[in-house]
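One letter stands for each residue in the lines below.
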Amino acid sequence: MTTVLAYAGGPAGTAALARLARETDVVTVSVDLGAGDVDLMALRERALAAGATEAIVVDARTEFANEHCLPALQANALLYERYPLVGSLARPLVEKHVTSIAHARNVDVVWPREQGGRLSPDRTLWGRAVVVTDSDPWHGPGDVFAYTEDAAANIDAPDEAVITFDRGIPVAVDGETVSVAEAVLRLGHRAGAHGVGRFDLAAGNREIYEAPGAWVLITAHQELENLTLDRDLARFKRSVDRRWTELVHDGLWSSPLREPLDAFVRHSQEHVCGDVRLVFHGGAAVVTGRRGEEPAGRGRHLRPVGRRYRPLTGQEHPDHPTHRAS
């Protein structure tokens, strides 16, 4: 008998693997969501040492960026209009890959109760969430940060970035073509160095969220939408954005409502083309400039409708969603 175990590499998951391996053959499945600081060879070795007969690591970084992070960006997915989604955005993709491997082998899946593993849905390229033991928000959270520095760390060296969007998709940073994943990681690294993207949530269990790249991109995208969307479209889209965010946060990624919401959001992005300039400094990402297409009847268009951003080489990044678009 064989069992597939969703394995994030943490102590609880490793203990569950060791117990299960005494009763059955165990195949572990870990899903790489782009956290970027995971030694995959060490993860495999840890699983095999704990008793796994096979350790599989699925590279889902590009899929996660294009199929999960990008829709969240275009829907300006901020829960309670405060902080980006993290675990709830990643969990459906982990479940998809783990169950797919189990179904292909016609075996059962075990989902251990684990938080904080190296390949956990709560630790991705989009962001990170960690539960803090001190639930009193009057106290500082302690040394729990991994994606961001203290806001004062680089106070004397503000950083300016220009993000280019094509139909709501980030296609370049400072004129250099990027994939969605690269945009998140590059901006996250630069903004995180200034303490941007920290969120301390004290509703029930106290959680710390770090999502510098997600926060910067959503901030820039909202500003460009303010410039490029028709007023009535923008007003209605805000309600769609909220409903999309609620669905995903509530674990309803597979709801029949999400795909129609996705389709509306994608269609609304046709004119969201242009550039947004931001400065990262002292814990904030401040928009200092924006330019792009304007809705019909409101004046000049800096770029024709539907025209894509083209770097000087004329090449698009192979992992970028626009590369596959017609």
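In this text, all values refer to a predicted model and were calculated from it rather than measured experimentally. Sequence order as written defines the numbering, with residues in each chain counted from 1. Where totals are concerned, whole chains, interfaces and linings use all residues; where local detail is concerned, this predicted model gives features only for residues with pLDDT of at least 70, and gives and counts side-chain atom pairs only at 80 or more. With hydrogens and water stripped out, all remaining heavy atoms of the structure feed into the side-chain values.

Colleague: Sorry, what's going on with the packing of helix 3 (residues 61-74) against helix 4 (residues 87-105) here?
Modeller: Any two packed helices are characterised by how steeply their axes cross, that is the angle between the axes, and by the distance between the axes. Inter-axis angles, ranging from 0 to 180 degrees, are taken between N-to-C directions of lines fitted to C-alpha atoms, where helices are fitted over the stretch in contact. Each helix is a run of DSSP H or I of at least 4 residues and each strand a run of E of at least 2, with the numbering of both proceeding from the N terminus. With their axes 10 Å apart at the nearest point, helix 3 and helix 4 run at an angle of 145 degrees to one another. For the crossing formed where helix 3 meets helix 4, the hand is right-handed. Of the residues in helix 4, those in contact with Glu 63, Phe 64, His 68, Cys 69 and Ala 72 of helix 3 are Leu 89, Ala 90, Pro 92, Leu 93, Lys 96 and His 97. Grouping the constituent residues of the contact of helix 3 with helix 4 by class yields 7 nonpolar, 2 polar and 2 charged. Crossings are assigned a handedness: left-handed for a near helix turned anticlockwise from the far helix by less than a right angle, right-handed for a clockwise turn. Residue contacts follow a heavy-atom distance rule, with two residues in contact if any of their heavy atoms lie within 4.5 Å. Residues are grouped as follows: Ala, Val, Leu, Ile, Met, Phe, Trp, Tyr, Cys and Pro are nonpolar; Asp, Glu, Lys and Arg are charged; every other residue, Gly included, is polar.

Colleague: What exactly am I supposed to notice about the environment of Glu 160 here?
Modeller: Structurally, Glu 160 can be placed in strand 8 (residues 159-166). Each C-alpha atom of the pair Glu 160 and Ala 285 lies 9.3 Å from the other, and the pair is 125 residues apart in sequence.

Colleague: Help me understand helix 7 (residues 231-249), please; the structure alone is not making it clear to me.
Modeller: Since there are 3.6 residues in each turn of an α-helix, residues three or four apart along the chain are aligned in direction. The span one expects for a helix is its residue count, reduced by one, times 1.5 Å. For helix 7, spanning 19 residues, the distance from its first C-alpha to its last is 27 Å, which sits close to the expected 27 Å at 1.5 Å a residue. Think of it in three bands: with a 1.4 Å probe and only protein chains considered, a residue is buried below 20% of the maximum accessible area for its type, exposed above 50%, and partly exposed in between. Among the residues of helix 7, those classed as buried are Ala 234, Lys 237, Val 240, Asp 241, Trp 244, Thr 245, Leu 247 and Val 248. Among the structural elements, helix 3, strand 4 (78-79), helix 4, helix 6 (212-228) and helix 8 (258-268) are those in contact with the buried residues of helix 7. Distance and chemistry together define a polar contact, namely a pair of N or O atoms within 3.5 Å, with one atom able to donate a hydrogen and the other to accept it when in protein, and with adjacent residues in sequence counting only for side-chain atoms on both sides. For helix 7, the capping residue at the N-terminal end is Asp 230, with a side-chain oxygen 3.0 Å from the backbone nitrogen of Asp 232. In the segment just after helix 7, Gly 251 is the residue with positive phi, at about 80 degrees.

Colleague: What exactly am I supposed to notice about the packing of aromatic side chains here?
Modeller: Here the distance between the centres and the angle between the planes together describe a pair of aromatic rings. Two rings from Phe, Tyr or Trp (for Trp, the six-membered ring) form a pair when their centres sit within 6.5 Å of each other. Planes less than 30 degrees apart are called stacked, planes more than 60 degrees apart edge-to-face, and all others tilted. Taken as a whole and assessed by the stated rule, the structure comprises 4 aromatic pairs. With centroids separated by 6.2 Å and ring planes inclined at 80 degrees, the aromatic side chains of Trp 244 and Trp 253 adopt a geometry described as edge-to-face. Overall, Trp 244 belongs to the buried group, its relative accessible area being 0%. Over the ring of Phe 145 we find Arg 198, and its NZ or CZ is 3.5 Å from the ring centre. Counted as over-ring charges are cases with an Arg CZ or a Lys NZ within 6 Å of the ring centre that also lie within 35 degrees of the ring normal.

Colleague: I would appreciate a short explanation of the pairing of strand 3 (residues 54-59) in the present structure.
Modeller: On any regular strand, side chains alternate: one points to one face of the sheet, the next to the other face. When strand 2 (residues 25-32) meets strand 3, the two strands line up parallel, connected through 6 bridges. Across the sheet, residue Val 27 finds its bridge partner in strand 3, namely Glu 54. Pairing between strands is defined by DSSP: at least two bridges between the two strands are required.

Colleague: Explanation requested: the pattern of salt bridges in the structure shown.
Modeller: It is possible for side chains bearing opposite charge to pair when their charged atoms get close. Every case where a carboxyl oxygen of Asp or Glu lies within 4 Å of a side-chain nitrogen of Lys or Arg is listed as a salt bridge. One pass over the full model with this rule turns up 19 salt bridges. For Lys 96, the salt bridge goes to Glu 63, with nearest N and O atoms at 2.5 Å. Of this pair, Lys 96 sits in helix 4 while Glu 63 sits in helix 3, and the two are 33 residues apart along the sequence. Since its relative accessible area comes to 46%, Lys 96 is described here as partly exposed. Residue Glu 63 is classed as partly exposed on the basis of its relative accessible area of 24%. Notably, a salt bridge pairs Arg 291 with Asp 275, separated by 2.9 Å at the nearest N-O pair. A residue pair is termed long-range when its members are at least 10 positions apart, and Arg 291 in strand 14 (residues 284-292) and Asp 275 in strand 13 (residues 274-281) qualify at 16 residues. One continuous salt-bridge network, built from bridges that share partners, spans Asp 32, Asp 59 and Arg 61.

Colleague: Could you clarify how one ought to interpret the side chain of Thr 245 in this entry?
Modeller: The residue Thr 245 is located in helix 7 in this model. The residues touching Thr 245, leaving out its near neighbours within four places in the chain, are Ala 77, Leu 78, Leu 79 and Leu 85.

Colleague: Can you walk me through the sheet that holds strand 10 (residues 176-177) in this structure?
Modeller: Sheet strands pair by backbone hydrogen bonding; their relative direction is either parallel or antiparallel. One open sheet holds the 5 strands; their spatial order is 10-9-8-13-14, and the pairing between them is antiparallel. With one partner strand each, in any of the chains shown, strand 10 and strand 14 form the two edges of the open sheet. In the packing of helix 5 (residues 180-192) onto the sheet, contacts are made with strand 8, strand 9 (169-173), strand 10 and strand 13, and the angle to strand 8 comes to roughly 160 degrees.

Colleague: Sorry if this is basic, but what is going on with the side chain of Asp 159 here?
Modeller: Among the secondary structure elements, Asp 159 is positioned in strand 8. In this structure the side chain of Asp 159 is engaged in a polar contact, spanning 2.8 Å, whose partner is the side chain of Arg 190.

Colleague: Is there a simple way to explain helix 4 in this structure?
Modeller: If you check helix 4, its first and last C-alpha atoms are 27 Å apart, about what 19 residues at 1.5 Å a residue would give, namely 27 Å. By the burial criterion, the buried members of helix 4 are Gly 87, Ser 88, Leu 89, Ala 90, Pro 92, Leu 93, Val 94, His 97, Val 98, Ile 101 and Ala 102. Contacts from the buried residues of helix 4 go to strand 1 (2-6), strand 2, strand 3, helix 3, strand 6 (108-110) and helix 7. Phi for Asn 106, located one or two positions after helix 4, is positive at around 60 degrees.

Colleague: Explanation requested: the environment of Leu 185 in the structure shown.
Modeller: Positionally, Leu 185 belongs in helix 5. Each C-alpha atom of the pair Leu 185 and Gly 127 lies 9.9 Å from the other, and the pair is 58 residues apart in sequence. If we ignore the near neighbours within four places in the chain, the residues touching Leu 185 are Gly 34 and Leu 125.

Colleague: Sorry if this is basic, but what is going on with the environment of Thr 62 here?
Modeller: As for its placement among the helices and strands, Thr 62 is situated in helix 3. Exposure remark for Thr 62: the relative accessible area of 35% places this residue in the partly exposed category. When the C-alpha positions of Thr 62 and Val 180 are compared, they lie 8.1 Å apart, and in sequence the two are 118 residues distant.

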